[in-house]
Structures are given as C-alpha cells and as structure tokens.
Amino acid sequence: MVIIIHGGAGKIENFKKRKGIMAKVCELGYEILKNNGSALDAVERAVVELEDSPWFNAGTGATLSIEGEVELDAAIMSDDLRAGAVACIKEVKNPILVARKVMEETDHIILSGEGAVRFARLMGFPKYNLVTQRRKRMLEKGIKKLKEDKPLEYLPGLKKLMDKYSESEGFHLPTEKYGTVGACAIDKEGKLAAATSTGGMFMHLPGRIGDTPIIGAGNYACDSGAISCTGHGECIIKLCLAKTVCDAMKSMKAQEAINLALKLANQYNCKCGLIGIDKKGNVGFGFNTPQMLWAYIRNGKIEVE
Ligand code: ASP
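About the cut-offs
Residue positions are given per chain, counted from 1 along the sequence in the order it is written. Predicted model: local features are reported for residues with pLDDT of at least 70 only, side-chain atom pairs are reported and counted for 80 or more only, and whole-chain, interface and lining totals are derived from all residues. To get the side-chain values, take all heavy atoms of the structure and skip hydrogens and water. Pairing between two strands requires that DSSP report at least two bridges joining them. Put simply, DSSP H or I for four residues or longer makes a helix, DSSP E for two residues or longer makes a strand, and each gets a number counted from the N terminus. A fitted line through C-alpha atoms represents every axis, and for helices the fit uses only the stretch in contact; the resulting angles, taken between N-to-C directions, go from 0 to 180 degrees. One fewer than the residue count of a helix, multiplied by 1.5 Å, yields its expected span. Categorising residues by exposure relies on relative accessible area from a 1.4 Å probe, with only protein chains included: less than 20% of the type maximum marks a residue as buried, more than 50% marks it as exposed, and the intermediate range marks it as partly exposed. For this analysis, residues touch if any pair of their heavy atoms sits within 4.5 Å. By definition, no residue in a patch forms a salt bridge, and every one has over 30% relative accessible area; like charges are joined within 9 Å, nonpolar side chains (Val, Leu, Ile, Met, Phe, Trp, Tyr) within 5 Å. Only the protein chains shown count as cover for residues, with accessible areas throughout obtained via the Shrake-Rupley method and a probe of 1.4 Å. Salt bridge criterion: a side-chain nitrogen from Lys or Arg within 4 Å of a carboxyl oxygen from Asp or Glu. Under the counting rule used here, the positive set is Lys and Arg, the negative set is Asp and Glu, and His together with the chain ends is not counted. Taken as the charge location is NZ of Lys, CZ of Arg, CG of Asp or CD of Glu. We call a set of buried residues a nonpolar core when its members are Ala, Val, Leu, Ile, Met, Phe, Trp, Tyr or Cys and they connect through side-chain atoms within 4.5 Å of each other. Whether a residue is near a molecule or strand depends on its heavy atoms: if one lies within 4 Å, it is near. Two N or O atoms form a polar contact when they lie within 3.5 Å of each other; inside protein one atom must be a possible hydrogen donor and the other a possible acceptor, and for residues adjacent in sequence the pair counts only when both atoms belong to side chains. Polar here means any residue outside two lists: the nonpolar Ala, Val, Leu, Ile, Met, Phe, Trp, Tyr, Cys and Pro, and the charged Asp, Glu, Lys and Arg; Gly therefore counts as polar.

A. Molecular detail of the sheet that holds strand β5 (residues 181-186). Taken in spatial order, the eight strands line up as β4-β3-β2-β6-β5-β1-β11-β12 in an open sheet, and their pairing is mixed. Edge positions in the open sheet fall to β4 (110-112) and β12 (301-304), since each of these has one partner strand only. Each adjacent strand pair in this sheet contributes to an overall mean axis angle of 5°, direction not counted.

Laid out in structure tokens, this is it:
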C-alpha cells in the first residue's frame, strides 16, 4: 500500500505551512488504504482534503480567471481505465467528487461548464462560493499591476485580448503560479488510481480548460502505474505527459519513467511536476520548477517535502 500526493509545483509561498498540511493529508489517504479501502477512495479522500484547504489552487481558494471567477478542472481514474472528469465547473465545493460521479453514474468521461454544474446539482452537490478574500485581494493588486503594462510569463497573448474583456469585471495577477493538487495510490489488492484537481492557470481566459481533466495529459492510471501532473497545462496537454509516463512504466520503475518524462518536458520548456506509482508500488516524483510540494507513505513511513 502506497500513497503519494502533490500540492503543486512552482515558486511556493508559505512552504512550511503547506508542507504540514501535506503530511496530514497524506496520513488521511493512507488511513483509507490501511482500513482496506480502495486506491480510488484513498486518492479521492486526499484530494478532497486539499480542495478544502484555502492554501492550494483547487476547490476553496482556487485562482481566479481574468474575469474574477473560479473555474475548476478535476479528474479521477483507476487502472482498469475507468475515468471521470469535470472541466470548467463553477460553484461546486469538491470537483473531484463530481468527477467520480461522472465516472460512476454516466456514460461519459468529461462533462464541462454549465452541463457539469447541472449534473453536479442533480447529484446533490449544492451551490458553493469558492472565491476567497485572499484571491480577491490578489485581483485588486493584479488590476493595478496590469495597468503598469507588465508582460506575463505564461500568457504572452493575453495583453492583446485584455482590452476585449470588460475592465469593470476586473483582472488579477496572483503572485503564485501553481498550487494544483493530486494523488496516486496503490491498494492492498494492487489496484492503482490517480486523481488531480485545479483552479487552472492564473489569469486564464474564461472557459479555458487545462491538462487536469484531459485524460492522459494531467492525470492517468493504467495497469502499469498511476500519474498526476502539475504545471503549465497547455504544454502538458501537448506532450500527453501522464500517458507518456504510464507507457514508460511498462518497462521501467516510476522514478525512471518520470525522469524520462522530465527530459521530454525540458526539451519543450514545459514547466511541470509529476508524481507517480508503478504497479510494484515504487514511487516517483520530479519537477523542473523551483519547488514542488510532495508527500508519500510507503511501508508505513512518511516522507514529505
Ligand atoms: N496544470 C494546471 C493547469 O494548467 C495548473 C497547475 O498545475 O498549477 O490547469
């Protein structure tokens, strides 16, 4: 039984505080495995906890779009290739739980936007306001900064489009770029699962969908392993990063497969972080950003950074 989680890659503020939360969440996920729970239940539990913490870019406290709204992506998958995802869903406390419902209650894999919200309500998830004061303050700062005409690292095309969005709705420029959350686990029966949840890239355009809900891009599980990614979503989609690692795990350990994927990512200047578990229960993680929050429990022993 193994669980590994991440809390996003990038330049991370309040690293110590978030590290403490990561350790607690990892224990909670592991508890599920210890009590004969499935890998799916363990990754879901860990991601729900991280979504509920305002310290991560997922669920409560997720980053805002340029129009000041929270739009969430989430995906969950098990090694038998069952998968469910929501893209650009709004006003739902735990998108990962809706993604699980998509997997278990529908004939589809991804539901997006208004349809995803309607499905969530049908499944009994009430309307929930995800905009926090902290993110609002960032929005105010961002409006000020944007007026100073500064180019944005991952959104070079935004300036051209900016004027087309009504300024009255506001723009924001958060100081931190990442903070997506994810988990991979292998249970007593050797079954694998992966789950990932995010508020997306800072200052994204309304309607933008990142790598997280795209099966094989930001999240994937198959009989060779389970993977969750974080980082620059557009680039992760182009490289089908999670599936690439899973394919590599057919013939190598999780860490070697992740190292290979990072080599590929570097070739394309794709800033990202990955966590994974192979079918033998070996863990792997890596990133090419300044930092990444991760924690895992293997053989009952916790490692956290
Ligand atoms: N990968 C996420 C996205 O592009 C962002 C992140 O990992 O922080 O939506």
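There is more to say after this.
B. View of helix α2 (residues 39-52). Taking 1.5 Å per residue as the helical rise, α2 with its 14 residues ought to reach 20 Å, and the 20 Å between its terminal C-alpha atoms agrees with that figure. Burial runs high along α2: 10 of the 14 residues are buried. Listing the buried residues of α2 in full gives A39, L40, A42, V43, E44, A46, V47, V48, L50 and E51. The secondary structure elements touched by the buried residues of α2 are β1 (2-10), α1 (15-34), β2 (72-78), α3 (95-105), β5 and β6 (192-198).

C. View of a positive patch on the surface. Where like charges cluster on the molecular surface, the positive patch consists of K250, K253, K279 and K280. The class for K280 is exposed, based on a relative accessible area of 71%.

D. View of unusual backbone geometry. Although it is not a glycine, N36 adopts a positive phi angle of roughly 65°. Secondary-structure assignment places N36 in the loop between α1 and α2. Taking relative accessible area as the criterion, N36 reaches 57% and is therefore assigned exposed. In this structure, N269 takes a positive phi of about 50° despite not being glycine. By the secondary structure assignment, N269 is in the loop between α9 (254-267) and β9 (272-278).

E. View of α1. Between its first and last C-alpha, α1 extends 28 Å over 20 residues, near the 28 Å set by a 1.5 Å rise per residue. Just downstream of α1, N36 is the residue with a positive phi angle, here 65°.

F. Inspection of the nonpolar core at higher detail. Core analysis: the largest hydrophobic core is formed by 49 residues, its most contacted members being I3, I5, L50, I76, I89 and V98. It is α2 that provides the largest number of residues to this core, a total of eight residues. Once residues within four sequence positions are removed from consideration, V98 is found in contact with V86, I89, V92, F119, A120 and F125. Membership of the second largest hydrophobic core comes to 39 residues, among which are Y220, C229, V245 and I275.

G. Molecular detail of the site of the ligand. Taken together, 12 residues lie near the ligand, and T180, R208, D211, T230 and G231 sit nearest. Between the ligand and G233, the relevant distance is 3.1 Å, taken from an oxygen atom to a main-chain nitrogen or oxygen of the residue. When the free accessible area of the ligand is taken as 270 Å², the share hidden by the protein chains comes to 100%. Here the residues of the shell around the ligand sort into two nonpolar, eight polar and two charged.

H. The environment of C222, seen in detail. Positionally, C222 belongs in strand β7 (residues 219-222). For C222, a relative accessible area of 7% gives the class buried. Taking the C-alpha atoms as reference, C222 lies 6.2 Å from D80; in sequence the two are 142 residues apart.

I. Geometry of the side chain of T289. Within the element layout of this structure, T289 appears in the loop between β10 (283-287) and β11 (291-298). Overall, T289 belongs to the buried group, its relative accessible area being 9%. Of the polar contacts made by the side chain of T289, one reaches the backbone nitrogen of G10; its length is 3.3 Å. Reaching out from T289, the side chain makes a polar contact with the backbone oxygen of Q291 at a distance of 2.9 Å.

J. The arrangement of the side chain of R208 in detail. Relative to the elements of secondary structure, R208 occurs in the loop between β6 and β7. R208 gets classed as buried once you look at its relative accessible area, which sits at 14%. Within the structure, the side chain of R208 is placed 2.8 Å from the side chain of E234, a separation counted as a polar contact. Among all residues touching R208, those that are not within four sequence positions of it are E71, C88, G200, M201, G233 and E234.

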